[in-house]
Amino acid sequence: MSDTMENSDLRRKVLEVHRRLVAVYGDEPPRKRLDPVSEMVDTILSQNTNDRLRDIAFDRLRRKFPTWEAVRDAPVEEIEDAIRVAGLSGQKARRIKEALQRITEERGEISLDFLGDLGVEEAREWLTSFKGIGPKTAAIVLLFSLGMPAFPVDTHVHRVSKRLGLIGKNVSREKAHEILERLVPPELYYTFHLNLIRHGREVCHARRPKCEVCVLKDLCDHYRSTVEGGK
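Residues numbered from 1 in each chain as written. Predicted model: local features only at pLDDT ≥ 70, side-chain atom pairs only at ≥ 80, totals over all residues. Heavy atoms only, no water.

Notes on the overall build of the protein chain
Of regular secondary structure, the protein chain possesses 12 helices and 0 strands. Ordered by position from N to C terminus, the α and β elements of the protein chain give α-α-α-α-α-α-α-α-α-α-α-α. The C-alpha radius of gyration computed for the protein chain amounts to 19 Å, which stays within 12% of the reference 17 Å derived for 231 residues, consistent with globular compactness. Oriented by its inertia axes, the alpha-carbon framework of the protein chain measures out at about 60 × 35 × 30 Å. Considering only contacts within the protein chain whose residues lie at least 6 apart along the sequence, 62% involve residues at least 24 apart. (Helix = DSSP H or I, 4+ residues; strand = E, 2+ residues; numbered from the N terminus. Rg over C-alpha atoms; globule rule 2.2 N^0.38 Å. Contact = heavy atoms within 4.5 Å.)

Description of unusual backbone geometry
Within the chain, Asn48 stands out as a residue other than glycine whose phi angle is a positive 60°. In this structure, Leu88 is a non-glycine residue whose phi angle is positive, near 50°. Judged by relative accessible area, Leu88 falls into the partly exposed class, the value being 44%. (Buried < 20%, exposed > 50% of the residue type's maximum accessible area, 1.4 Å probe, protein only.)

Brief notes about the pattern of salt bridges
Within the structure shown, the criterion is met by 20 salt bridges. A salt bridge links Glu178 to Arg182; the shortest N-O distance between them is 3.1 Å. Taken as a pair, Glu178 and Arg182 lie in helix H10 (residues 173-183) at a separation of 4 residues, close to a single helical turn. Arg224 is paired through a salt bridge with Asp221; the nearest N and O atoms lie 2.6 Å apart. With Arg224 and Asp221 both in helix H12 (residues 221-228) and 3 residues apart, this pair spans about one turn of that helix. Among the residues examined, Arg224 registers a relative accessible area of 37% and is labelled partly exposed. Salt bridges linked by common partners bring Asp42, Asp51, Arg54, Asp55 and Arg201 together as one network. (Salt bridge = Lys/Arg side-chain N within 4 Å of Asp/Glu carboxyl O.)

With respect to the packing of aromatic side chains
Scanning the entire structure with this criterion turns up 6 aromatic pairs. Among the aromatic side chains, those forming a connected cluster through ring pairs are Phe114, Trp126 and Phe130. Over the face of the ring belonging to Phe114 we find Arg107, whose NZ or CZ atom lies 3.7 Å from the ring centre. (Phe/Tyr/Trp six-rings, centres within 6.5 Å; stacked < 30°, edge-to-face > 60°. Lys NZ or Arg CZ within 6 Å of the ring centre and 35° of its normal.)

Considering the environment of Arg201
Here Arg201 shows up in helix H11 (residues 189-202). By relative accessible area, Arg201 is classed as partly exposed at 46%. On a C-alpha basis, the gap between Arg201 and Val157 in space is 10.0 Å, while along the polypeptide they are 44 residues apart. Setting aside residues no more than four positions away along its own chain, Arg201 makes contact with Asp51 and His156.

Here's the deal with helix H8 (residues 135-145)
Along H8, 10 of the 11 residues are buried, which leaves the element largely enclosed by surrounding structure. Of the positions making up H8, those classed as buried are Lys136, Thr137, Ala138, Ala139, Ile140, Val141, Leu142, Leu143, Phe144 and Ser145. Lining the buried residues of H8 we find helix H2 (36-46), helix H7 (120-128), H10 and H11. Positive phi appears at Gly147, one or two residues downstream of H8, with a value of about 65°.

A few points about the environment of Ser8
Take Ser8: it is sitting in helix H1 (residues 3-25). Taking C-alpha positions, Ser8 is 22 Å from Val215, a pair spaced 207 residues apart along the chain.

Here's what the structure looks like:
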């Protein structure tokens, strides 16, 4: 099979996966949009923790420091204390402070609104040049805050996409961003991303996926090779 034919088949598969997941989980309306700096900080806080603890940490940070300038100028130890609940607080505090300092140095103010005037690749390259900001964080800022066509790949999206066969078994999470951005229609990025996460949390678990109740099992390479193949 040629690469063109294979990609065409995968795109049809993406559309069918999308259709079924929307039927189960719905087509969520866009969430309240954060400004790009807030989205960046929020996503750094989300690393290696859950949404509830991330939100608590973000709220505590904003209560203690009413402006991003105040966070930038605060001692790392005070930032760390405010976000401790999210885990890895020392590392996250340093990365947040360093990012805010560098934005100020390069832009003269703490704002990332200018990214909306750049192309997706240029904006992504600028963001990922920061320590602690990888492809996922950059894509979240671009998609959720600026409405730009970038597809975030977290651990759930990576796992489910791999099991479905949308990406290869050995494809890294970083490489998956590039592949899925080519396969998924840009207008579906938001909903497809959120529904893959929800499916990963509720059905396609890392250790014990609930294949018996999965609406995607007939489309799933993992199910065919491990469940059906083991019969």
